[in-house]
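The primary structure of each chain is shown beneath.
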Amino acid sequence: MAVTLRKLLESVEEERIQILAGKNNLDRAVRWTHMVESIEISTFLEGQEIAFTTGAALKSEEDFFEMVKCIINNQATAIIVNIGPYIKEVPEKIIKYCEERNFPLITVPWETHMAHIMQIFCLKITEEDKANMELSSAVKNAIFFPTQEDLYIPALERYHYSPGWSYCVAAIEILEGAQPVEKERRQRFQKYIENQLSYRYRDVIIFEQDEEILLIFHQMADEEVKEILQQMMRQYECMLRKEEKSYIGIGRCTKNMKCIAKSYRQAQGVLKLQKRRNQNKTAIVYNELGLYKLLLAMEDTEIVREYYMEMMGPLLKYDEAKQTDYCKVLECYLNHDGSVKEAAEELYVHRNTINKKINKIEEITGFNLSSLDVRARFKIAFMIQEIL
């Protein structure tokens, strides 16, 4: 996680800073600092920066107001104003505007050297970035090389993460159509996550892996993780483009860091199922998957594929050759627990049509669908299809 504004301000308490607005929003993430002396320069902000200004290039109070608006719109974390010859005091309407948006507006006297504060902030940010990189690398090593403990335990302990804690992996992916969104969008989303979690969950490890955002929670039940992420994504929905969809998979809590690879694989499996079912906007925990947990845990995928083709092969070939929809009808029939009436209603056909198609499916496959055992075997085959 990035360093917070509160932590940075604590490092310069002796500099006579004064918070005029946004006092309740100091736990926001900070990525860097910038001198912003004009509206034009404020458009270069990328988000999570602290904007410093003396007002030297501002021609009027209205210019000052417009620059503050632009800084807020560009997702900056805060603005620090140097009170002196250019800005003698912050106008009340700007203070009110920032307070309404819960945006931190801070002043320092002219005698305080802005460069000194920026130097301290940049050093703190650099130290935090170094810690984040080392922690991310340690977690990746724990996931992909779990037996090589020397690759991750020293780094975890150095930053006060106990290898003996329980850990839970959550994977989030945002797709535009069928493809992951571009890197800039993912980075913007990651910044949003950091800002949201920095208020209450400072020690969450966040990094990108294979075009997904991974979040590593510790000492927290997977259901609690689900609740946090569900709430966070509900707030993010308004920022998604029309064609974008978000998916969240959550693995089971591990006994310790040595088992985190399992939680990671589980989160990946859940994510895969969600995309197959198009269940976006919903966080799903691995423990909620029922029988899918057994199928996802099977390492010999060849056996799984053989079973699938044994059950579905003849029907798949027939549908492809004759351009029929027997696989779709069978899946609908099974989803309604063998109810011809309910299957007919979903497919908008007469019950006799369903009965005729079920008879044909039995003829093609050689299985009697009145048997509960046979229906269960086909149901498993369709579950395998979702996984494969």
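Residues numbered from 1 in each chain as written. Predicted model: local features only at pLDDT ≥ 70, side-chain atom pairs only at ≥ 80, totals over all residues. Heavy atoms only, no water.

Trainee: Can you tell me about the overall build of the chain, naming the residues and giving the values?
Mentor: Looking only at helices and strands, one finds 15 helices and 13 strands in the chain. Compactness check: the chain gives a C-alpha radius of gyration of 28 Å against a globular reference of 21 Å for 388 residues, more than 25% above the reference. Each principal axis of the C-alpha distribution contributes one length, and for the chain these read about 90 × 50 × 30 Å. Going through the 388 residues of the chain one by one, you find that 50% of them count as buried. Taking as baseline every contact in the chain between residues at least 6 positions apart, the subset at least 24 positions apart corresponds to 71%. Summed over its atoms, the accessible surface of the chain is roughly 19700 Å², and 49% of this surface lies on carbon and sulfur atoms. A gap of 4 Å separates the mean positions of the 51 positive and 60 negative side-chain charges of the chain. (Helix = DSSP H or I, 4+ residues; strand = E, 2+ residues; numbered from the N terminus. Rg over C-alpha atoms; globule rule 2.2 N^0.38 Å. Buried < 20%, exposed > 50% of the residue type's maximum accessible area, 1.4 Å probe, protein only. Contact = heavy atoms within 4.5 Å. Areas by Shrake-Rupley, 256 points an atom, 1.4 Å probe, with all protein chains shown as cover. Lys, Arg positive; Asp, Glu negative; His and termini not counted. Charge placed at Lys NZ, Arg CZ, Asp CG, Glu CD.)

Trainee: Pulling in residues and values, what's your account of the sheet that holds strand S7 (residues 105–109)?
Mentor: Two orientations exist for strands paired in a sheet by backbone hydrogen bonds: parallel and antiparallel. If you trace the 5 strands from one edge of the open sheet to the other, you get S2-S7-S6-S5-S4, paired in mixed fashion. The sheet is open, and its two borders are formed by strand S2 (18–21) and strand S4 (32–35), each paired with just one other strand. Pairwise comparison of adjacent strand axes, ignoring direction, gives a mean angle of 25° for this sheet. The pairing of S2 with S7 spans 3 bridges and is antiparallel. Bridging across to S7, Ile 19 finds its partner in Ile 106. In this fold helix H4 (residues 92–100) packs onto S2 and S7, with an angle of close to 75° to the strand it touches most, S2. (Pairing = 2+ DSSP bridges. Axes fitted to C-alpha atoms, helices over the stretch in contact; angles between N-to-C directions.)

Trainee: Hey, could you go over unusual backbone geometry for me, with residue numbers and the actual values?
Mentor: Here the phi dihedral of Arg 16 falls at roughly 55°; this positive angle occurs in a residue that is not glycine. Relative to the assigned elements, Arg 16 resides in the loop between helix H1 (5–10) and S2. Judged by relative accessible area, which is 54%, Arg 16 ranks as exposed. For Asp 337, which is not a glycine, the phi torsion comes out positive at approximately 55°. Among the secondary structure elements, Asp 337 is positioned in the loop between helix H12 (326–335) and helix H13 (340–347).

Trainee: Go over a nonpolar patch on the surface, please, and point to the residues and values.
Mentor: Taken together, the side chains of Phe 144, Phe 145 and Leu 151 present a nonpolar region at the surface, about 260 Å² in accessible area. With respect to the secondary-structure elements, Phe 144 resides in helix H5 (residues 114–144). (Patch = residues over 30% accessible without salt bridge, like charges linked within 9 Å, V, L, I, M, F, W, Y side chains within 5 Å. Salt bridge = Lys/Arg side-chain N within 4 Å of Asp/Glu carboxyl O.)

Trainee: Can you lay out the packing of aromatic side chains for me, pointing to particular residues and giving the numbers?
Mentor: Tallied over the full model, the rule gives 9 aromatic pairs. With a centroid separation of 5.7 Å and an interplanar angle of 50°, the aromatic rings of Tyr 318 and Tyr 326 are classed as tilted. Seen from their ring centres, Phe 367 and Phe 378 are 5.5 Å apart, and the 90° between their planes marks the pair as edge-to-face. Taken together, the residues Phe 367 in the loop between helix H14 (351–365) and helix H15 (372–387) and Phe 378 in helix H15 connect sequence positions 11 residues apart. Phe 378 gets classed as buried once you look at its relative accessible area, which sits at 0%. In textbook terms, an aromatic cluster arises when at least three aromatic residues are bridged by ring pairs, as seen for Phe 189, Tyr 192 and Tyr 236. A cation sits over an aromatic face here: Lys 69 above Phe 65, 4.4 Å from the ring centre. One residue, Arg 101, lies across the ring of Tyr 97, its end atom 3.6 Å from the ring centre. (Phe/Tyr/Trp six-rings, centres within 6.5 Å; stacked < 30°, edge-to-face > 60°. Lys NZ or Arg CZ within 6 Å of the ring centre and 35° of its normal.)

Trainee: I'd love a proper account of H14, names of residues and values included.
Mentor: Over its 15 residues, H14 runs 21 Å from end to end, which matches the ideal 21 Å to within 8%, given 1.5 Å per residue. Looking only at H14, the buried set comprises Ile 354, Ile 358, Ile 361, Ile 364 and Thr 365. All buried residues of H14 lie within an arc of 125° about the axis, which places them on one face of the element. For H14, the exposed residues lying more than 90 degrees away from the buried face are Lys 356 and Glu 363. Where H14 is buried, its residues touch helix H11 (301–322), H12, H13 and H15. (Expected span 1.5 Å × (residues − 1). Arc of directions from axis to C-beta.)

Trainee: I'd like a description of the pattern of salt bridges, backed by residues and values.
Mentor: Counted according to the given criterion, the structure contains 21 salt bridges. Across the pair Arg 241 and Glu 176 runs a salt bridge, and its minimum N-O distance is 3.8 Å. Within this pair, whereas Arg 241 is found in the loop between helix H8 (222–236) and strand S12 (244–250), its partner Glu 176 is found in strand S8 (residues 167–176), the two being separated by 65 residues in sequence. With a relative accessible area of 33%, Arg 241 lands in the partly exposed category. For Glu 176, a relative accessible area of 26% puts it in the partly exposed group. We note a salt bridge from Glu 244 to Arg 185, for which the minimum N-O separation is 2.8 Å. Remark: Arg 185 occurs in helix H7 (residues 183–197) and Glu 244 occurs in strand S12; sequence separation between them is 59 residues. The class for Glu 244 is buried, based on a relative accessible area of 5%. Several salt bridges converge on common partners, so that one network encompasses Glu 176, Glu 182, Arg 185, Arg 241 and Glu 244.

Trainee: Could you give an account of the layout of surface pockets, with specific residues and numbers?
Mentor: Taken as a whole, the largest pocket encloses approximately 990 Å³ of empty space. Looking at the lining of the largest pocket, the elements with two or more residues in it are H5, H7 and strand S10 (205–209). It is H7 that contributes the most residues to the lining of the largest pocket, 11 residues altogether. In terms of residue class, the lining of the largest pocket is made up of 9 nonpolar, 12 polar and 11 charged. (1 Å grid on protein atoms, 1.4 Å probe; cavity = no way out; pocket = protein on both sides within 12 Å on 5 of 7 lines; lining within 4 Å. Points joined across faces, edges and corners; volume = space filled by probe spheres on them. Nonpolar A, V, L, I, M, F, W, Y, C, P; charged D, E, K, R; others polar.)

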